[in-house]
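# Geometric and topological summary
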Amino acid sequence: SGNKYLCSLKFPGMKTLRSILPVIFLLTAAIFKGYPQEPWSLEKCVRYALENNIQIKQQQLNSEYAGNNLLQSKMSLLPTINASAAQSKSFGRALDQTTYTFTQNQTITSLSSSVNANLVVFNGLQKINLIRQSRFDLMASLQQLEKLKNDLALNVAAAYLQILFNMELLNSAQQQAEVTRQQVERTAKLVDAGSLPMGNLLEIQAQHATEEVQIVNYQNQLDISYLTLAQLLELKDTEGFRIEIPDFSDFQFKEVLDPVADIYQDALRNLPQIKIAEYQLKSSEAGLSVARGGRSPRLFIAASYGTGYSDIRQRIIGTTPQTIPIGATQGGELVYSQIEQPIYDTYPLKMQLKDNASTTLTFGLSVPLFNGWSVNTQVSNARLNVQNARYNLDLSKNLLYKDIQQAHADALAAVKRYLASEKSLEAQKESFKYVQQKYEVGLVTTVDFNTAKTSLARAESELLQAKYDYLFRINILNFYRGNPLTVK
């Protein structure tokens, strides 16, 4: 029966499949799009941003470029070796390079080749100092990469905390609106029963409408803060992007902050901007040594090997005796002499290359006497670069100390603000509880109730702002000390 059932099935044709495939794809995409993404922790956000930020990728290329320069400076210690070969054809009166004789109305095909090597033995240690300078440039470039990463991590942490702050503001506003909604229902019942005038209901309904508008505003702020973080992460699609909400149950508030001097000493050891300035100073000092090396004599060794070939050159393969007249007697008789006349034959390529080979070895010493004051100018400019690099290092340290002082003052102010906001919230809670009880029995007006409720909402908002401001300021101080960023 099963086979009979299978035989009765009618499979769709290709035309039908083409018509339903888009529908299948759309349904599949909708299913996956609706599937909730895993929330992003701060660590994941920072890691993703570091992997995808374009400026960081560009700085990585700059570091590779500096690495290539260091490799090239090392390779310059090796001798230079070059080989060349050339074939030429001359017409008319031409010089045969293998015999150094001129020919007339003859075509010459010639071949020449050579290998040359040159090694600088001493040049005032310029190449050694250039290696040192390139190494410091590479280290500075790597530290610049670390600085970009640190700056990006701080911006991501600030955007992350801003989202958490806006989420709590929204949650607080929704809770306040829920309390007001309950009061609207209770007031409506009392108005229907004749216990309260209609004006009380209108006032509480207006308050509820205002709080609904505030919820919309907080939701917009939350959406914008999510967009800010997504742009920092270079996300192409923000659909379903949500952050992980940390557990603040073990939130530890630290009232006493570490001294500025201790934080500054840790920052000097940890922060890349100080190391950048230090490496730049060392690089400029090495550059000064390179410039001074231009005053030193230059000792070098050069060697060359060359050979050539000419198609008109012939070789002597033997001699043959030949009698030639050399004069005459007084009587007019010719005088003959016998000489050996050379016998010529073609000169093969392989044999010419071997016989025409020549080797040269040169030891040279070059002493700079006067070069238009260029060496002195280079030394003077290099000395100025060193002084400027020292100023830059001092400036970086001064700016760092001022930044730490400001961050410490901001953190201390955040501590005081948090403590004051905490006390204010406790007082506002008790006050609102008292006003709410009186409102429920009709002892206070709706205006008084709304005023107390607004004061409570303001106190909650100020405490939230103080808490997240404190978290951000403490993160900055911990960052200066080399500690990882956190939201707990």
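This text follows the structure it describes.
Quick look at the structure, then.

Cut-offs and rules
- Residues numbered from 1 in each chain as written.
- Predicted model: local features only at pLDDT ≥ 70, side-chain atom pairs only at ≥ 80, totals over all residues.
- Heavy atoms only, no water.
- Pairing = 2+ DSSP bridges.
- Helix = DSSP H or I, 4+ residues; strand = E, 2+ residues; numbered from the N terminus.
- Expected span 1.5 Å × (residues − 1).
- Buried < 20%, exposed > 50% of the residue type's maximum accessible area, 1.4 Å probe, protein only.
- Contact = heavy atoms within 4.5 Å.
- Axes fitted to C-alpha atoms, helices over the stretch in contact; angles between N-to-C directions.
- Core = buried A, V, L, I, M, F, W, Y, C linked by side-chain atoms within 4.5 Å.
- Patch = residues over 30% accessible without salt bridge, like charges linked within 9 Å, V, L, I, M, F, W, Y side chains within 5 Å.
- Areas by Shrake-Rupley, 256 points an atom, 1.4 Å probe, with all protein chains shown as cover.
- Salt bridge = Lys/Arg side-chain N within 4 Å of Asp/Glu carboxyl O.
- Lys, Arg positive; Asp, Glu negative; His and termini not counted.
- Charge placed at Lys NZ, Arg CZ, Asp CG, Glu CD.
- Parallel < 35°, antiparallel > 145°, perpendicular 65-115°, else oblique.
- Left-handed = near helix turned anticlockwise from the far one by under 90°.
- Nonpolar A, V, L, I, M, F, W, Y, C, P; charged D, E, K, R; others polar.

Here the focus is the pairing of strand 7 (residues 334-346). The pairing of strand 6 (residues 314-328) with strand 7 spans 13 bridges and is antiparallel. Across the sheet, residue Ala328 finds its bridge partner in strand 7, namely Leu334. Counted between consecutive antiparallel strands, the loop separating strand 6 from strand 7 contains five residues, among which Gly332 sits at a positive phi close to 95°.

On to helix 5 (residues 126-192). The terminal C-alpha atoms of helix 5 lie 98 Å apart, and with 67 residues this matches the ideal 99 Å at 1.5 Å per residue to within 8%. Just past helix 5, the residue Gly194 takes up positive phi, approximately 85°.

Turning our eyes to something else, we now look at the side chain of Ser225. With respect to the secondary-structure elements, Ser225 resides in helix 6 (residues 198-232). Classification of Ser225 by relative accessible area gives buried; the value is 5%. Sequence-distant contacts of Ser225, defined by excluding residues within four places in its chain, comprise Gln162, Ile163 and Asn166.

Right, let's talk about the sheet that holds strand 8 (residues 358-366) for a bit. Taken together, the four strands give an open sheet; going across it, the order is 1-4-5-8, and neighbouring strands pair in antiparallel fashion. Each edge of the open sheet is held by one strand with a lone partner, namely strand 1 (80-90) and strand 8. With direction set aside, neighbouring strand axes in the sheet form an average angle of 20°. When strand 4 (residues 108-122) meets strand 5 (residues 298-310), the two strands line up antiparallel, connected through twelve bridges. When the sheet's bridge partners are listed, Ser110 is paired in strand 5 with Ser310.

Ranked by internal contacts, the top residues of the largest apolar core, which has 66 residues, are Val156, Leu229, Leu233, Phe241, Leu400 and Tyr480. Those elements giving two or more residues to this core turn out to be helix 3 (42-52), helix 5, helix 6, helix 7 (260-270), helix 8 (272-292), helix 10 (374-440) and helix 11 (446-480). Here the element with the most residues in this core is helix 5; it accounts for 16 residues. Setting aside residues no more than four positions away along its own chain, Tyr480 makes contact with Ile263, Asp266, Ala267, Asn270, Leu271, Leu400, Asp403, Ile404 and Ala407.

Let us now look at the environment of Lys453. Along the chain, the position of Lys453 falls in helix 11. Of the residues examined, Lys453 reaches a relative accessible area of 1% and is grouped as buried. Every residue in contact with Lys453, bar those within four places of it in the chain, is listed here: Gln176, Ala177, Val179, Thr180, Glu211 and Phe432.

Before going further, it helps to spend a moment on helix 11. Taking 1.5 Å as the rise per residue, helix 11 with 35 residues should run 51 Å; its terminal C-alpha atoms sit 51 Å apart, in good agreement. Looking one or two residues past helix 11, Gly482 carries a phi angle of roughly 90°, positive in sign.

What follows is about a negative patch on the surface. Where like charges cluster on the molecular surface, the negative patch consists of Glu255, Glu422, Glu426 and Glu430. Considering the arrangement of structural elements, one finds Glu430 in helix 10. On the basis of relative accessibility, which here comes to 54%, the residue Glu430 falls in the exposed class.

Let us now look at the pattern of salt bridges. Counting across every chain of the model gives eleven salt bridges. Put simply, Asp151 and Lys147 hold a salt bridge, and the shortest N to O gap is 3.0 Å. Residue Asp151 and its partner Lys147 are located together in helix 5, separated by four residues, close to a single helical turn. What makes Lys147 partly exposed here is its relative accessible area of 24%.

Viewed as axis vectors pointing N to C, helix 7 and helix 10 meet at an angle of 135°, and their least axial separation amounts to 10 Å. Taken together, the axis directions place helix 7 and helix 10 in an arrangement best described as oblique. The two elements helix 7 and helix 10 cross, and the hand of that crossing is right-handed. Only Lys397, Leu400, Tyr401, Ile404, Gln405 and His408 of helix 10 make contact with helix 7, whose side of the interface consists of Val260, Ile263, Tyr264, Ala267 and Leu268. Looking at side-chain class alone, the contact of helix 7 with helix 10 contains eight nonpolar, two polar and one charged residues.

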